[in-house]
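These are the residues of each chain, in order.
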Amino acid sequence: MKNTIKFAKRTLINNRRSKYTLPTNTKLYPAQWNWDSAFIALGYSNFNLDYSLKEIDTLLSGQWEDGMIPHILFHIKDLNYTPNYKAWNCGKKVSSSGITQPPILASVLRLIIERQKLSQKKIKKFYPFIFKIKKCLEWFIKYRDPKRTGLISILHPWESGYDNSPLWDKPMNKIKIDSKLTYKRKDNKIVSPDQRPLKIDYDRYVSIKNHFKKMNYDPKKMYYKSKFNVVDVGFNSLFLKALKDLDFLLDYINESNSFIKKYIILNEKKLTKLFNPKKMTFKNKDLRNNTSVKIPSITNFFMLYSDLKNKSVNRSLIKSLKKYYKNEKYLFPSVSPGHESFEEKRYWRGPVWINCNWIIYQGLKTKDKKFAKIVKKRTINLVEKKKFREYYSCKSGLGMGAKNFSWSAALYLDFILNRP
Ligand code: DGY
């Protein structure tokens, strides 16, 4: 255990550049990624608060004027990534991608502030962070739910962070591939192709991106014209939790906000309806094609993290989760192994991800302490055995994807050093 803690800290520090941290040192992701960075900041906060705050500051330095925080910030003009900063061709002060990612930073910042037990005076130095996060969450409401339905859309699978999840198969099958694609993938030269998304997935990812580029990344146009527009349970759960944590922070600094409070009530009501407790199924909405998608994905259980008020729904969620992972040696598979789309090795189509386990643990610890403890223990054991890989087989525990993966190290530290 002691050695793994040392190795985790070393992993983060080795992946750190002067003001931000790479997701891995394996050349797979040579930039700053939005939700990776938030998890990394949380990891640092367990042993080096300065690095943690610098990580957040750098991520927020890439925020667009309208409030969006991009999913990738290209601080260095490196061409070793596809699509690179030239292919995106956007961002002002910092070159970036033109789409976003789960706004987990709000929740991370709340945890950091609460754990530091800062006085209201000391918290002043966090004001700029809180206001930037507020602007970011307002951006989601304004541009990703322009009709105020209470649910937020994502417009690209990359926005979810679980890029090639079977959740996107149905909507992605409808995407027409650009006839003039010229991109060259690098990821499947670094990591075994059977652990990465397929060519057809990439053709579609890049086609959607090219379409956005033609619209000059105008968020209004993108919402109405995107070929991919999905209301996802997992994303909305992370969003609801982020809103609640922002609301907490605003109250804490006496900046209470009725617009956010109202949207929390609406979002919670609509999100709860996407779970059917009797059938124990979740429903994603494909708005573009006016249809629904039902896939047993671990990300559906992020609903536990959003801390719904409805106790009976929470109980059903826990019951469903126990069924979902029941026969697996390593938890949690990203897709239920009984489902036809499950693949043991391929990226988000089956493997175990440490950030999913951490999110679910956070949701469980206030609702089912015993189960939460099991999740924590089994996650720690897996990481101590196989070290900081990007993802792991739920069957054998085999480590896959990138090595020295930052968020696996960061969240291991958070699991082990932070006693609730
Ligand atoms: C990748 O390159 O696989 C990333 O997940 C895209 O954001």
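Quick note: structure is the one above.
Thresholds applied
Residues numbered from 1 in each chain as written. Predicted model: local features only at pLDDT ≥ 70, side-chain atom pairs only at ≥ 80, totals over all residues. Heavy atoms only, no water. Helix = DSSP H or I, 4+ residues; strand = E, 2+ residues; numbered from the N terminus. Buried < 20%, exposed > 50% of the residue type's maximum accessible area, 1.4 Å probe, protein only. Contact = heavy atoms within 4.5 Å. Core = buried A, V, L, I, M, F, W, Y, C linked by side-chain atoms within 4.5 Å. Disulfide = S-S within 2.5 Å. Pairing = 2+ DSSP bridges. Near = heavy atom within 4 Å. Polar contact = N/O pair within 3.5 Å; in protein donor to acceptor, adjacent residues only side chain to side chain. Areas by Shrake-Rupley, 256 points an atom, 1.4 Å probe, with all protein chains shown as cover. Nonpolar A, V, L, I, M, F, W, Y, C, P; charged D, E, K, R; others polar.

Quick notes on the environment of Lys270
Moving on, step 1. Tracing the chain through its elements places Lys270 in helix 13 (residues 258-272).
Moving on, step 2. Judged by its relative accessible area of 26%, Lys270 is partly exposed.
Moving on, step 3. With 124 residues separating them along the chain, Lys270 and Pro146 place their C-alpha atoms 15 Å apart.
Moving on, step 4. Once residues lying within four places of it in the same chain are set aside, the contact partners of Lys270 are Thr149, Gly150 and Leu151.

Quick look at the nonpolar core
Moving on, step 1. Grouped together as the largest cluster of nonpolar side chains are 141 residues, with contacts concentrated most on Leu109, Phe126, Leu137, Leu321, Phe332, Trp358 and Leu364.
Moving on, step 2. With 10 residues, the top contributor of residues to this core is helix 12 (residues 233-252).
Moving on, step 3. Every residue in contact with Phe332, bar those within four places of it in the chain, is listed here: Ile298, Leu321, Tyr325, Pro351, Val352, Trp353, Asn357, Ile360, Phe371 and Val375.

Concerning the environment of Leu73
Moving on, step 1. Mapping Leu73 onto the fold places it in strand 2 (residues 72-74).
Moving on, step 2. Note on Leu73: relative accessible area 0%, which makes it buried.
Moving on, step 3. Distance from Leu73 to Ser61, taken between C-alpha atoms, is 9.4 Å for residues 12 residues apart in sequence.
Moving on, step 4. Sequence-distant contacts of Leu73, defined by excluding residues within four places in its chain, comprise Ala31, Gln32, Thr58, Leu59, Gly62, Val94, Ser95 and Ser96.

Let's talk about the state of the cysteines
Disulfides are covalent bonds that link the sulfur atoms of two cysteine residues.
Moving on, step 1. Summed over the entire model, instances satisfying the criterion amount to zero disulfides.
Moving on, step 2. Just so you know, Cys136 is unpaired, no disulfide at all, and the nearest cysteine sulfur is the one on Cys90, 16 Å from it.

What to know about the sheet that holds strand 9 (residues 291-293)
Moving on, step 1. Spatially, the four strands line up as an open sheet ordered 4-5-8-9, and their pairing is antiparallel. Both outer strands of the open sheet, strand 4 (153-154) and strand 9, are each paired with one neighbouring strand and no more.
Moving on, step 2. Alignment of strand 4 against strand 5 (residues 230-231), held across two bridges, turns out to be antiparallel. Its bridge partner being in strand 5, Ile154 is matched across the sheet by Val230.

Re the site of the ligand
Moving on, step 1. Taken together, Tyr29, Trp33, His71, Tyr81, Trp158, Asp163, Arg196, Tyr202 and Tyr347 are the residues near the ligand.
Moving on, step 2. Take Trp33: an N or O atom from its side chain is 3.1 Å from an oxygen atom of the ligand.
Moving on, step 3. Here an oxygen atom of the ligand sits 2.8 Å away from a polar atom, N or O, in the side chain of His71.
Moving on, step 4. Compared with its free state, where it exposes 230 Å², the ligand has 96% of that area covered by protein.
Moving on, step 5. Each residue belonging to the shell around the ligand can be placed in one class, and the counts come to six nonpolar, one polar and two charged.

Nothing here speaks to function; it is all geometry.
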